[in-house]
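# Descriptive structure summary
One-letter residues, chain by chain:
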Amino acid sequence: MKIDQDLNQQERDICRTIEVVRSAVTKQSSMAADNFDSNGEELYTPPLNFSMVDNGIFRSGFPDTANFSFLKTLGLRSIVYLCPEPYPEHNMEFLKDNRIHLFQFGIEGTKEPFVNIPEDTIREALKVVIDVRNHPLLIHCKRGKHRTGCLVGCLRKIQRWCLTSIFDEYQRFAAAKARLSDQRFMELFDASGFKDIPPSPCSCSRR
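Calculation criteria
- Residues numbered from 1 in each chain as written.
- Predicted model: local features only at pLDDT ≥ 70, side-chain atom pairs only at ≥ 80, totals over all residues.
- Heavy atoms only, no water.
- Core = buried A, V, L, I, M, F, W, Y, C linked by side-chain atoms within 4.5 Å.
- Buried < 20%, exposed > 50% of the residue type's maximum accessible area, 1.4 Å probe, protein only.
- Helix = DSSP H or I, 4+ residues; strand = E, 2+ residues; numbered from the N terminus.
- Contact = heavy atoms within 4.5 Å.
- Pairing = 2+ DSSP bridges.
- Salt bridge = Lys/Arg side-chain N within 4 Å of Asp/Glu carboxyl O.
- Axes fitted to C-alpha atoms, helices over the stretch in contact; angles between N-to-C directions.
- Phe/Tyr/Trp six-rings, centres within 6.5 Å; stacked < 30°, edge-to-face > 60°.
- Lys NZ or Arg CZ within 6 Å of the ring centre and 35° of its normal.

In terms of nonpolar packing, the biggest core is built from 41 residues, with Val80, Ile122, Leu126, Ile139 and Leu151 touching the most fellow members. Counting residues per element, the ones that place at least two in this core are β2 (57-60), α2 (68-74), β3 (78-81), α3 (89-97), α4 (119-130), β5 (137-140) and α5 (146-158). Looking at which element gives the most residues to this core, the answer is α5, with six residues. Discounting residues that sit within four places of it in the chain, isoleucine 139 has contacts with Ile57, Phe58, Arg59, Ser60, Val80, Leu82, Val129, Thr148, Leu151 and Val152. Of all hydrophobic cores here, the second largest spans seven residues; its members include Phe167, Tyr170, Ala174 and Met186.

Here is the structure:
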């Protein structure tokens, strides 16, 4: 009797294992199918809040597997990651397969009124961003709004953009989630230590 019970338990365990494997395979197949249209042509899906910042510099939210085909078209050399959490394994495999270097600057994603943006970390990240040896380069955090927005805003100060244009760009991505503390940080950021960066035209100069 006990032998029959053991065999029944083993059969149930095997069935559960088969179902888990089948579910994982089905999910992978579904994700792979999402990358192709009805004609079998590969689709290129950019990450959330993706945009070009400047020549060789891009920004976005956190890329997922559905975005990998699109990222390949950029020919990236580097990714600047602004979150403290470890980079996911499947993203690391993508970087390794495509010889993309990861620069991680862990900035906590806190909310107002308790927001502390580490200026030293922003400065170190900017050194990576403006080094053309790291281009093409993608900057991203989780949503591509606050941490990415602050870093790009400080880059704009180095490029001698006016504050109006810096804030307009920041608010375009942050939208209703825009933070006064982020804008205050960008306003007070001292870009004088980055003297050799050529200015980049902003919308103010075209008004």
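Past the structure itself, the notes keep going.
Judged from the four bridges that link them, β3 and strand β4 (residues 101-104) form a sheet pairing that is parallel. Across the sheet, tyrosine 81 pairs through a bridge with glutamine 104, a residue of β4.

In total, this model carries five salt bridges according to the counting rule given. Its salt-bridge partner being arginine 133, residue aspartate 131 comes within 2.7 Å of it at the nearest N-O pair. Salt-bridge contacts for arginine 184 lead to glutamate 187; the nearest nitrogen and oxygen are separated by 3.7 Å. In this pair, arginine 184 and glutamate 187 both sit in helix α7 (residues 180-188), three residues apart, roughly one turn of the helix. On the accessibility criterion, glutamate 187 (34% relative accessible area) is partly exposed.

This brings us to the sheet that holds β3. Taken in spatial order, the five strands make up an open sheet running β1-β2-β5-β3-β4, and their pairing is mixed. With partners counted over all chains shown, the strands left at the sheet margins are β1 (51-54) and β4, one partner each. Each strand of the sheet is rotated relative to its neighbour by a mean of 25°, with strand direction disregarded. The pairing of β1 with β2 spans three bridges and is antiparallel. Following the sheet pairing, methionine 52 is matched in β2 by phenylalanine 58. Of the strands in this sheet, β2, β3, β4 and β5 touch α4, which is tilted by about 155° from β5.

With the rule as written, the count across this model stands at seven aromatic pairs. Ring geometry for phenylalanine 50 against phenylalanine 58: centres 5.7 Å apart, planes inclined by 20°, an arrangement best described as stacked. Assessed through its relative accessible area of 24%, phenylalanine 50 is described here as partly exposed. Each member of the aromatic cluster is reached from another via a ring pair, and the members are Phe50, Phe58 and Phe70. If you follow arginine 59 out to its NZ or CZ, it ends over the ring of phenylalanine 173, 3.7 Å from the centre. In this structure, arginine 156 is placed above the aromatic ring of tryptophan 161, and the distance from its NZ or CZ to the ring centre is 4.0 Å.

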